[in-house]
Amino acid sequence: MSESRVAEFGFFTKDRTACFRLTAPHTAMGAYSWWKEPSWMVDSKRRRMTPNWPWLLSALTLLQVNAVQAHSLKRGSAQDLKCTTKNMQVWDCTWTAPVGVSPGTVKEVCIKDRLNSCHRLESTNIKIAALSPGDHEVAINYLNGFQSKFTLNENDVSLIPDTPESLDLSADFSTSTLHLRWNDRGSAFPYPCNATWEIKVLQNPSMELVKLVSFNTTLSGRDIVHHWNWTSDLPLQCATHSVGIRWYIDYNRFSGYKVWSDWSPLKNVSWTPNSETNVFPQDKVILAGSDITFCCVSQTKVLSGQIGKTFCPLIHLYGENVAIHIRNISVSENSGTNVVFTTEDNVYGTVVFAGYPPDIPQKLNCETHDFKEIICSWNPGRPTGLVGPRNTDYTLSESISGKSVPFKRFETLTNESYRLAFQMLPGQEIHNFTLTGRNPLGHAESAVFINITERVAPHVPVSLRVKDISSTVVTLSWHLPGNFAKINLLCQVEICKASSEREVRNATIKGAEESSYLVAVDKLNPYTLYTFRVRCSTETFWKWSKWSNEKRHLTTEAIPSRGPDTWREWSSDGKNLIIYWKPLPINEANGKILSYNVSCSSNEETQSLSEILDPQHRAEIQLEKSDYIISVVAKNSAGSSPPSKIASMEIPNDDIIVEQAVGMGKRIFLSWHPDPNMTCDYVIKWCNSSRSEPCLMDWIKVPSNSTKTVIESDQFQPGVRYNFYLYGCTNQGYQLLRSIIGYIEELAPIVAPNFTVEDTSADSILVKWEDIPVEELRGFLRGYLFYFQKGERDTPKTRTFETGHSDIKLKNITDISQKTLRIADLQGKTSYHLVLRAYTHGGLGPEKSMFVVTKENSVGLIIAILIPVAVAVIVGVVTSILCYRKREWIKETFYPDIPNPENCKALQFQKSICEGSSALKTLEMNPCTPNNVEVLESRSIVPKIEDTEIISPVAERPGESSEADPENHVVVSYCPPIIEEEIANPAADEVGGTSQVVYIDVQSMYQPQAKPEEEQGIDPGVVAAYKPQMRLPINSAVEDFAAAEDEADKTAGYRPQANVNTWNLVSPDSPRSTDSNSEIVSFGSPCSINSRQFLIPPKDEDSPKSNGGGWSFTNFFQNKPND
Amino acid sequence: MLACLCTVLWHLPAVPALNRTGDPGPGPSIQKTYDLTRYLEHQLRSLAGTYLNYLGPPFNEPDFNPPRLGAETLPRATVNLEVWRSLNDKLRLTQNYEAYSHLLCYLRGLNRQAATAELRRSLAHFCTSLQGLLGSIAGVMAALGYPLPQPLPGTEPAWAPGPAHSDFLQKMDDFWLLKELQTWLWRSAKDFNRLKKKMQPPAASVTLHLEAHGF
């Protein structure tokens, strides 16, 4: 027995491993939880041990039991005596014969307690009836006289029940459920006693333990058949399952050991494969999120397994059978989730439908529209994910009547479509509805308890009709389908005028069955277009029906409620009375006004005019200027209005002053003092002031208790003057109380005042202007603005007046009655620019301008002429005197006597030499008295400067050098050096045209030569022009060559002063030109020896630096230096 | 093109009547039948896409090609080329008529099973078109003087799967139904093209390759 326990222990250990590997953990845990419950342990202390070691403890306990038995039975002659019992009534004892004694030589067994009863037998086992508690001495006698003695106690006896026999093992393959049935044979045991059962499920062929459960029953003295169901995670089709069962009995009056029975023979469940289906489970509906195992029975190798698009690892079962395990399966699509196993030559599959059980129906609402059927609607809540045949079936059941209505839809509906109609039973008002939703995964229900009379939402009222009762009362009738006989209806009539004001009136109506309902609607206006619509509910309000269709209705006409508003004016010639009236407003006309009747009555007679048709609101009657009462009546199809009357004559009022008023926007505000004499009303009429009499634009009537009003009219325009007249009404007639001129809005004048100059003197101007016409003034004239300033016509400065300009003088004339203005303190013979503008509160009008020249001041003019003449005469006289006194000096200075060369002896002496050279003749006059002596040494290479202070440059003319060689010729000049040069005309340079000019370099007389070194580098070949201050370029400075070239380019052409900077410095425009202390005063321009005038250097357009470079006398006579 | 085919479909009911009058001969009605098969091919492509998506993966995967197990009752369109060539006109038309009669019944069963309204609408529309094709073939047969095949007893397949017929096998049958339908339409186009040319003056012979095409 102990060996078998060890074997089972080992088996179980192995099984646990398989469980973990194959199935979900909770399966194994389930087995353990069952394991804790049975109380099969002998030693109560061991029950407290952890359940993880039950089998180990079981094995150890049995070993100990055996040891104890051996020990106790050996007390006699030390041989084993073991006793067991199956039903606690018969003990079966065996023992081992002593050494040397054959087991067949047993003679008898005697038990002392039972009156020394002895059982004769020849074997080493004996069945004896159960002994009473306590020790019993057992003696075994052998034939050879050997005797063994034992002490036998119930405590030493083991209770081992018979192996249970399972009656039936069946399988439901569609649900993978095993059903086990067995008999407990309780009739064989004392009762009550507890039985503990243990069932194991093994998976073939490896005999892995996949399930082990224990549970208790109570034996009741009768044979009872027990059932046990178990659902396998792995579909039963994919593996053979074997089931075994064992038990032990716990009877508290039995003090011996309680031991498990042997396992029953295993019963197998296996599935016979068919050709069609190879994958299991088929078409299963499971809860989304749960785990599931699919297996495939195949004769060939399975290559892959997939659920949907996802491939899963294959779990190999046995043979070629495989499984895949899906955890947390997601909700399926409409056609379910496909599970497919692929073999080399085929595809096997199944469909699984993962979804949810129905949600509790939400917002279950039951109501009736017509008391014929109850409509229950609900929201199904969370989608189940199951459609088609697995869609949720709803059943609406009413518990009071016991009726129920099914709701079956093949496909998923929108939430609004979940509605069920329940036919009402007559007389039943209270309903207790339960809505149950059911699908393969479960069911859910929701209940509502209602009194249907409080849940009425009537249908839309139809056939709405309107019938006239009078001009202010109509009846509305409509049909409401349904049986409302037992309740009152609450209906609403919406009355909508064309002017969009809405009014809702409630009406409570006694309900009826399939009836039309009628309601009178009063307080309507005659001849008014109404739109009616109706909706209904019940007095115990639940919901309104929808509004019925609208019905438009025009109420009938009634007589006009009052006469038209009337006024009258006398024609301009005073012979005719023109009567005006206003059309009645629609709410007072009470119909379409067809015509008016006008009559006038005096004390003597009554005169009626013919009927005046509607669009005309004016009548003219020829009347004497006497008191008449004019009466106007408006007529429509229903009748005539009360007459409105007005007296033809006004009560005179001499105390009228004209006032001014200005409005805002399109309205003008008028107020007046209350006058107790005015008993009927006030009338304010107005007209455009520019219109001829009788002028009437409009009028309004104001109650007699009012003292103010606001006049508003679309006809009012800004900038237009209106006359307003306030009349008070007395019993005798109307009296003019006030006359007001006003503007709705003042604008600026559109014309300038027309002004003329009345008088002009040397220092003043008198201006006169005219009024601006009212139409062009466009506001109340507030004043004039008069500007004037010096200025002539067409001078830009005078075109506009800018405020703030210091020259402008401004006069603001606020006295609008002033029509003239004298402007004083003006200058004589001066042009003045005069401007006049009018202004209102609306702004400044346009300006009118005029140019006026003041008269001449004669005295000033005379003085202005005489003084310059006198000054000129004095200057001339003084100059003449001075010139006369200094005439000798002037003559010597400017016109010295030129000696006659023929009288010169020196010439005669050298005549032969000098012949042919007129120049030398002139130059070499011996007896001349020199006014200046210069020693010139003319050298061909480098002229040696003898005197650095006075230098006379030498003019060299290549053409003449051959004829008269001036080399080594020292000349003492008596006159300023004469320089001849061919001036290259810049424009004519290319054509080679030249002109000869002889210059006197006056600069050289006063200015030492400056910068000789700089000038040396200039190439004579480049500078073809005359360079009076230049030396001939004997030594060309190589290092300056480049600079010299630039210089040469710039100075191509005539340069009297090579250094243009010096020209610049002495420009008359330059501030330095006026500096008398300047040492670098240059006279710039050479003077012609022939003209004796200083020459202006030619203007060099291309070289602005040289422009105006020369200072000359001509500058004295020119205001504009650059001109 | 589509509009043209739609117009052809629209005028389908007139086809048998036309032929009964016997005025224009079978040529125009064969042409119309041919056009209709092409239109149905086009329509089926759209329907098959929708329906296979409804069946879910792996049925809507392009490389899914299970063996044709089950679905044995479906008329097979594939035929040996020599056998097809040797068919006479009557047999050719009869086979077409019988095949579409069966396929139409299956298709109507499919319609009853579909769980979504949109799918049912698509299937119903296609069934209507297929009914039109059947009528058109009948018209051609009448025009050529061939009797319509008598419906065999039990040819109206009851599309009510028994308890043994699992959802997966049902899906496989649906898959194969669509596939066979496609192959049949393709074959019919060839059949009617051949007939059309035969009715016309002799023309160049046409080489045909008849084989089942995947979706």
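Everything numeric in this text was worked out from a predicted model, so none of it was measured. The residue numbering used here restarts from 1 in each chain and proceeds along that chain's sequence as written. Here the convention is simple: chains get letters from A, ligands get numbers from 1, in the order in which they are written. Only residues with pLDDT of at least 70 are given local features in this predicted model, and only at 80 or more are side-chain atom pairs given and counted; all residues enter the totals for whole chains, interfaces and linings. Think of the side-chain values as coming from all heavy atoms in the structure, minus any hydrogens and water.

Enquirer: Looking at this structure, I do not really get the overall build of chain B. What am I missing?
Expert: Secondary structure elements are defined from DSSP: runs of H or I of at least 4 residues count as helices, runs of E of at least 2 residues count as strands, and each element is numbered from the N terminus. Each helix and strand counted, chain B has 7 helices and 0 strands in total. Secondary structure elements in chain B, listed N-terminal to C-terminal, are α-α-α-α-α-α-α. Sequence separation of 24 or more characterises 84% of the internal contacts of chain B that already satisfy a separation of 6 or more. For the accessible areas, the method is Shrake-Rupley and the probe is 1.4 Å, while residue cover comes only from the protein chains on display. When the accessible surface of chain B is totalled, it reaches about 10300 Å², and 58% of it is carbon and sulfur. The contact criterion used is simple: two residues touch if any of their non-hydrogen atoms lie within 4.5 Å.

Enquirer: Can you help me understand the interface of chain A and chain B in this one?
Expert: A common measure of how large an interface is: the accessible area buried when the components associate. At the interface, 25 residues of chain A touch 26 residues of chain B. The term buried area means the drop in 1.4 Å probe accessible area that two parts suffer when joined, counted for both and summed. The contact between chain A and chain B buries some 1800 Å² in all, and 55% of this surface belongs to carbon and sulfur atoms. By definition here, a salt bridge exists when the distance from a side-chain nitrogen of Lys or Arg to a carboxyl oxygen of Asp or Glu is within 4 Å. One can count 1 salt bridge joining chain A with chain B. Taking the shortest distance from any N to any O, the salt bridge between R390 of chain A and D167 of chain B comes out at 3.6 Å. Here a polar contact is recorded for every N or O atom pair within 3.5 Å, except that within protein the pair must consist of a potential hydrogen donor and a potential acceptor, and residues adjacent in sequence are included only if both atoms are side-chain atoms. Scanning the region where chain A abuts chain B turns up 8 residue pairs in polar contact (both at pLDDT 80 or more).

Enquirer: Explain the packing of helix α5 (residues 89-113) of chain B against helix α7 (residues 167-199) of chain B here, please?
Expert: Between two packed helices, what matters for the description is the angle formed by their axes and the separation of those axes. Residue and element names in this part refer to chain B. At a minimum axis distance of 10 Å, the contact between α5 and α7 shows a crossing angle of 150 degrees. Taken together, the axes of α5 and α7 lie roughly antiparallel to each other. Crossing angle aside, the handedness with which α5 passes α7 is left-handed. Here the contact of α5 with α7 is built from residues that sort into 14 nonpolar, 3 polar and 7 charged. Angles run from 0 to 180 degrees between N-to-C directions of axes, and those axes are lines fitted to C-alpha atoms, restricted for helices to the stretch in contact. Our angle categories are set so that under 35 degrees counts as roughly parallel, over 145 as roughly antiparallel, 65 to 115 as roughly perpendicular, and the remainder as oblique. For a crossing to be left-handed, the near helix must be turned anticlockwise from the far one by less than a right angle; the clockwise case is right-handed. Note that Gly is not counted as nonpolar here; it falls among the polar residues with everything else outside the nonpolar set of Ala, Val, Leu, Ile, Met, Phe, Trp, Tyr, Cys and Pro and the charged set of Asp, Glu, Lys and Arg.

Enquirer: Is there a simple way to explain the UniProt feature "transmembrane region" (unreviewed entry) in chain A in this structure?
Expert: On the UniProt side, "transmembrane region" (unreviewed entry) is annotated at positions that read residues 859-884 of chain A here. Counted over residues 859-884 of chain A, helix gives 100% and strand 0%. Its end C-alpha atoms are 38 Å apart. UniProt positions are given in the numbering used here, feature names are shortened, and annotations may be inferred rather than shown by experiment.

Enquirer: Would you take a moment to explain the packing of aromatic side chains for this structure?
Expert: Ring pairs (aromatic) are described by centroid distance and by the angle formed between their planes. For Phe, Tyr and Trp, where Trp contributes only its six-membered ring, two rings pair if their centres lie within 6.5 Å, and the inter-plane angle classes them as stacked under 30 degrees, edge-to-face over 60, or tilted in between. All chains considered together, the criterion is met by 38 aromatic pairs over all chains. Consider the rings of Y722 of chain A and F724 of chain A, whose centres lie 6.5 Å apart with planes at 55 degrees: the pair is tilted. F724 of chain A shares its class with Y722 of chain A; the two are buried. An aromatic cluster is defined as three or more aromatic residues linked by ring pairs; in this entry it consists of W182, F189, W197, F215 and W247 of chain A. Both a distance and an angle decide whether a charge sits over a ring: NZ of Lys or CZ of Arg must be within 6 Å of the ring centre and within 35 degrees of the ring normal. The cationic tip of K403 of chain A hangs over the ring face of F422 of chain A; the distance from NZ or CZ to the ring centre is 5.0 Å. Note that K196 of chain B overlies the ring of Y34 of chain B, its terminal NZ or CZ placed 4.2 Å from the centroid. Burial status follows relative accessibility: with a 1.4 Å probe on protein chains alone, a residue under 20% of its type maximum counts as buried, one over 50% as exposed, and anything between as partly exposed.

Enquirer: How should I be thinking about the sheet that holds strand β4 (residues 117-120) of chain A in this particular structure?
Expert: Residues and elements named next belong to chain A. Sheet architecture is open: 4 strands sit in the order β4-β3-β6-β7, paired in antiparallel fashion. Each edge of the open sheet is held by one strand with a lone partner, namely β4 and β7 (147-152). On average, each strand axis in the sheet is inclined to that of its neighbour by 20 degrees, with strand direction left out of account. The pairing criterion for strands is at least two bridges between them, as found by DSSP. Judged from the 6 bridges that link them, strand β6 (residues 136-142) and β7 form a sheet pairing that is antiparallel.

Enquirer: Please explain the environment of E494 of chain A as it appears in this structure.
Expert: Residue and element names in this part refer to chain A. Secondary-structure assignment places E494 in strand β35 (residues 488-497). With a relative accessible area of 7%, E494 lands in the buried category. C-alpha of E494 to C-alpha of R533: the two residues are 39 residues apart in sequence and 5.3 Å apart in space. Excluding anything up to four places from it in sequence, E494 contacts R502, E503, V504, T531, F532, R533 and W547. A polar side-chain atom of E494 sits 2.7 Å from a polar atom in the side chain of R502.

Enquirer: What is the right way to look at the state of the cysteines in this model?
Expert: What is meant by a disulfide is a covalent connection between two cysteines, made through their sulfur atoms. In plain terms, two cysteine sulfur atoms within 2.5 Å form what is called a disulfide here. Under the counting rule described, the total for this entry stands at 6 disulfides over all chains. Two residues share a disulfide in this structure: C110 of chain A and C118 of chain A, whose sulfurs sit 1.8 Å from each other. Judged by the sign of its S-S torsion, about 110 degrees, the bond between C110 of chain A and C118 of chain A is right-handed. Judged by its relative accessible area of 11%, C110 of chain A falls in the buried class. Of all cysteine sulfurs in the structure, the one in C127 of chain B sits closest to C105 of chain B, which takes part in no disulfide; the separation is 9.6 Å.

Enquirer: What is the right way to read the confidence of the model for chain A from this model?
Expert: Regions with low pLDDT carry predicted coordinates that are not meant to be interpreted in detail. All names here are of chain A. Predictor confidence is given residue by residue as pLDDT, running from a minimum of 0 to a maximum of 100. Taken as a whole, chain A shows an average pLDDT of 74; of its residues, 71% reach a score of 70 or greater. When the criterion is pLDDT under 50, residues 910-924 qualifies, and its contacts beyond four places in sequence or with other chains add up to 12 contacts. Low pLDDT, under 50, characterises residues 940-1123; the stretch is placed with 206 contacts to residues that sit more than four places away or in other chains.

Enquirer: I tried to follow the environment of Y191 of chain A on my own but got confused; where do I start?
Expert: Residue and element names in this part refer to chain A. With respect to the secondary-structure elements, Y191 resides in the loop between β10 (177-183) and β11 (193-203). For Y191, a relative accessible area of 54% translates into the label exposed. As a C-alpha pair, Y191 and R222 span 31 residues in sequence and 8.9 Å in three-dimensional space. Residues contacting Y191, with those up to four places away along its chain left out, are L219, S220 and G221.

Enquirer: Please clarify how the nonpolar core should be interpreted in this entry.
Expert: A general trend in soluble globular proteins is that nonpolar side chains are found buried together. Ranked by size, the top nonpolar core spans 56 residues in total, and within it Y100, L107, F126 and L130 of chain B carry the most contacts. Listed by contribution, the elements that provide at least two residues to this core are β25 (347-355) of chain A together with α3 (26-55), α5, α6 (117-144) and α7 of chain B. The element best represented in this core is α7 of chain B, accounting for 12 residues. Sequence-distant contacts of L107 of chain B, that is, excluding residues within four places in its chain, are made with L123, F126, C127, L130, L177 and L181 of chain B. One finds I111, V157, F215 and W247 of chain A within the second-largest nonpolar core, a separate group that totals 46 residues. Buried Ala, Val, Leu, Ile, Met, Phe, Trp, Tyr and Cys residues that are joined via side-chain atoms within 4.5 Å together make up what is termed a nonpolar core.

Enquirer: Just to check I follow, could you spell out unusual backbone geometry for this structure?
Expert: For residues other than glycine, phi is negative in most cases, and the peptide bonds are mostly trans. With omega at 0 degrees, the peptide bond leading from F280 of chain A into P281 of chain A counts as cis. Along the chain, P281 of chain A falls in the loop between β17 (279-280) and β18 (284-287). Along the chain, P57 of chain B connects to P58 of chain B via a cis peptide bond; the corresponding omega equals 5 degrees. Positionally, P58 of chain B belongs in the loop between α3 and α4 (81-86). Its identity as a non-glycine residue notwithstanding, F371 of chain A has a phi of 65 degrees, on the positive side. Note on placement: F371 of chain A falls in the loop between β26 (362-368) and β27 (373-379). Residue classification places F371 of chain A among the buried residues on the basis of a relative accessible area of 15%. Residues other than glycine seldom take positive phi values, yet E514 of chain A does so here, at roughly 45 degrees. For E514 of chain A, the location among the structural elements is in strand β37 (residues 513-521). Looking at E514 of chain A, the relative accessible area reads 33%, which means it is partly exposed.

Enquirer: Before we go on, may I ask you to explain the sheet that holds strand β61 (residues 820-823) of chain A in this structure?
Expert: Strands in a sheet are paired, the pairing made by backbone hydrogen bonds, and the direction either parallel or antiparallel. Residue and element names in this part refer to chain A. On the basis of which strands lie adjacent, the open sheet formed by 3 strands has the order β57-β58-β61 and antiparallel pairing. Looking at which strands have only one partner, the edges of the open sheet turn out to be β57 (755-760) and β61. Neighbour to neighbour, the strand axes of the sheet diverge by 25 degrees on average, direction disregarded. Pairing between β57 and strand β58 (residues 765-769): 5 bridges, direction antiparallel. Bridge pairing in β58 places F755 opposite W769.

Enquirer: Which parts of the structure should I look at to understand a nonpolar patch on the surface?
Expert: Patch definition: residues with relative accessible area over 30% and no salt bridge; like charges joined within 9 Å; nonpolar side chains (Val, Leu, Ile, Met, Phe, Trp, Tyr) joined within 5 Å. Side chains of L861, I865, V869, V873, V877 and I881 of chain A sit close together on the surface and give an oily, nonpolar patch of about 510 Å² of accessible area. On the secondary structure map, I865 of chain A appears in helix α6 (residues 858-885).

Enquirer: Got a minute to help me understand α6 of chain B in this structure?
Expert: Note that an α-helix has 3.6 residues per turn; residues three or four places apart therefore point the same way. To estimate the expected span of a helix, count its residues, drop one, and scale the result by 1.5 Å. An ideal rise of 1.5 Å per residue puts 40 Å on 28 residues; α6 of chain B measures up with 41 Å between its terminal C-alpha atoms. Positive phi shows up at G145 of chain B, right after α6 of chain B, with a value of about 85 degrees.

Enquirer: It is not clear to me how the pattern of salt bridges should be interpreted in this structure. Could you clarify?
Expert: A side chain with one charge can pair with a side chain of the opposite charge if their charged atoms come near. All names here are of chain A. Per the stated rule, a full pass over the model turns up 29 salt bridges over all chains. Residues E503 and R505 are paired through a salt bridge, measuring 2.7 Å at the closest nitrogen-oxygen approach. Residue class for E503 comes out partly exposed when judged on its relative accessible area of 36%. The class of R505 is buried, set by a relative accessible area of 19%. Where R782 meets E746, a salt bridge forms, and the shortest distance between an N and an O atom there is 3.3 Å. Of this pair, R782 sits in strand β59 (residues 781-790) while E746 is found in the loop between β56 (734-743) and β57, placing the two residues 36 residues apart along the sequence. On the basis of relative accessibility, which here comes to 25%, the residue R782 falls in the partly exposed class.

Enquirer: Looking at this structure, I do not really get the packing of α3 of chain B against α7 of chain B. What am I missing?
Expert: Residue and element names in this part refer to chain B. Their axes nearest at 9 Å, the elements α3 and α7 cross at an angle of 160 degrees. Classified by the interaxial angle, the pair formed by α3 and α7 is roughly antiparallel. Of the two possible hands of crossing, α3 and α7 adopt the one that is left-handed. Class assignment of the residues belonging to the contact of α3 with α7 gives a composition of 18 nonpolar, 6 polar and 5 charged.

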